Amino acid sequence: MSTALIGLKALLGGFAVVGFSLIGQAGHPKRFAGLFSAAPSVALASLAIAVIDKGASATLPYAQGMLIGSAGMVAYGLVSLVLMNRLHALVGSILAWLAWFAVAGGLYLVVGG
Amino acid sequence: MDGRQLRDDDLEPVGFDWSKLRKASPSELLIRFVFGGGIALVAAISGSVFGPRFGGLFLAFPAVLPATLTLIEKKEGTTKAWADASGGVLGAIGLAAFAFTALQLLRANPVVALALALLAWLLVSGGLYFLFRETGLFLKQDKLLTQSH
């Protein structure tokens, strides 16, 4: 993949995150707004560019990886709730990344890379 | 966690107050842009180096959540940050629906596939939100995850 396309993925990914976070900021109540914290913003931008660059078939493995990653994201969410209650948002939500790595990484190894 | 505040949250009508966006601070948006762009970069580079399935993992990595939750906690308190994170868990289940739908339909028509995948995310996460809210599952989850504290 060319450097320009990688840069474009980063740029569009950043804009998509900002877009969904603005929708979340306008949303209420807070739990409903929270849905948009886990919106497929980076995924939408990255998959769209991958389709344009390499075609649909070559994009499928990205979506397969994302399906595994989303299991990690659910684990992350639950662990971050437990940790936030004890350690506050910053430390809890960063430490919870370990849950993502454990579940997404473990599943990736089991399912086969 | 303030149980009453969480109960009130589940009674508040669902909607969007777009006037709140006038208060959006440019520096907060820049932080989200940097983390979002950063994880897209990680996904693209690791996909090129280790293969697309590995890179795809990072399309569902919670890169921006720590910044979002910390900002909410700072401005509105820990309970509001908790409420946002509990919605995030359901959004994450919606992410799986997004990826699954994309996987099924990408080969047939990529544009329709991505549009329907987004719709799948919205329906699954939104549907679960209303289910959890109306049946009191949110409050049960709050109790379960905080009881040992």
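This structure is a prediction, so every number in the text was calculated from the model and none was measured. Sequence order as written defines the numbering, with residues in each chain counted from 1. To label them, take the chains in the order written and letter them from A, then take the ligands in the order written and number them from 1. Residues qualify for local features only when their pLDDT is at least 70, as the model is predicted, and side-chain atom pairs are given and counted only at 80 or more; totals for whole chains, interfaces and linings, by contrast, use all residues.

Talk me through the overall build of chain A; I want residue IDs and the actual numbers.
A helix here means a DSSP run of H or I that spans at least four residues, while a strand means a run of E at least two residues long, and both kinds are numbered starting from the N terminus. A tally of regular secondary structure across chain A gives six helices and one strand. Along the first, second and third principal axes, the C-alpha atoms of chain A reach 45 × 40 × 20 Å. Counting other C-beta atoms within 10 Å of its own, a residue is labelled buried from 20 upward, exposed at 12 or fewer, and partly exposed in the gap between, with every C-beta atom placed from the backbone. Taking all 113 residues of chain A together, the buried fraction comes to 58%. Here, residue contact means that the backbone-derived C-beta atoms of the two residues sit within 7 Å. Of all intrachain contacts in chain A linking residues separated by at least 6 positions in sequence, the fraction that spans at least 24 positions is 51%.

An account of the packing of helix 4 (residues 65-76) of chain B against helix 5 (residues 78-105) of chain B is requested, with residue identities and associated values reported.
Residues and elements named next belong to chain B. Relative to each other, helix 4 and helix 5 sit at 150°, their axes nearing to 7 Å. Between helix 4 and helix 5, the crossing angle belongs to the class labelled roughly antiparallel. Regarding helix 4 and helix 5, the two cross each other, and that crossing is right-handed. Taking contact as the criterion, the partners of Leu-65, Thr-68, Leu-69, Ile-72, Glu-73 and Glu-76 in helix 4 are, on helix 5, Thr-78, Lys-80, Ala-81, Asp-84, Ala-85 and Gly-88. Residue polarity is assigned by list, with Asp, Glu, Lys and Arg as charged and Ala, Val, Leu, Ile, Met, Phe, Trp, Tyr, Cys and Pro as nonpolar; anything else, Gly included, falls into the polar class. Classifying every residue of the contact of helix 4 with helix 5 gives five nonpolar, three polar and four charged. For helices, the fitted axis covers only the stretch in contact; all axes are lines through C-alpha atoms, and the angles between them, taken along N-to-C directions, range from 0 to 180 degrees. For classification, angles of less than 35 degrees are called roughly parallel, those exceeding 145 degrees roughly antiparallel, those between 65 and 115 degrees roughly perpendicular, and all remaining angles oblique. Put simply, a crossing is left-handed when the front helix is turned counterclockwise from the back one by less than a right angle, and right-handed when it is turned clockwise.

So what's going on with the interface of chain A and chain B? Residues and values would help.
Contact residues are listed per partner, giving 73 residues for chain A and 81 residues for chain B. Looking at the side of chain A that touches chain B, the elements that each hand over two or more residues are helix 1 (3-26), strand 1 (27-28), helix 2 (30-35), helix 3 (41-54), helix 4 (56-87), helix 5 (89-95) and helix 6 (97-111) of chain A. For the side of chain A that touches chain B, the element with the most residues is helix 4 of chain A, which contributes 27 residues. Across the side of chain A that touches chain B, the residue classes break down as 46 nonpolar, 23 polar and four charged.

How would you explain helix 5 of chain B if you had to name every residue and give the values?
To estimate how far a helix should extend, the number of its residues minus one is multiplied by 1.5 Å. Taking 1.5 Å as the rise per residue, helix 5 of chain B with 28 residues should run 40 Å; its terminal C-alpha atoms sit 40 Å apart, in good agreement. Of all 28 residues that make up helix 5 of chain B, 23 are buried, and the element is covered over most of its length.

Run through the domain arrangement of chain A, naming residues and quoting values.
Frequently, the measure chosen for interface size is the accessible area removed from exposure when the parts meet. Domain boundaries shown here were taken from an automatic or database domain assignment. Assigned domains of chain A: these are domain 1 (1-54) and domain 2 (59-113). Distance between the C-alpha centres of domain 1 of chain A and domain 2 of chain A: 18 Å.

Give a detailed account of the domain arrangement of chain B, specifying residues and quantitative values.
With domains assigned, chain B is organised as domain 1 (25-63) and domain 2 (77-149). Computed over C-alpha atoms, the centres of domain 1 of chain B and domain 2 of chain B are 20 Å apart.

Hey, could you go over the environment of Glu-28 of chain B for me, with residue numbers and the actual values?
Counting through the fold element by element, Glu-28 of chain B comes out in helix 2 (residues 26-50). Put simply, Glu-28 of chain B and Ala-67 of chain B are 39 residues apart on the chain and 8.7 Å apart in space, counted from C-alpha to C-alpha.

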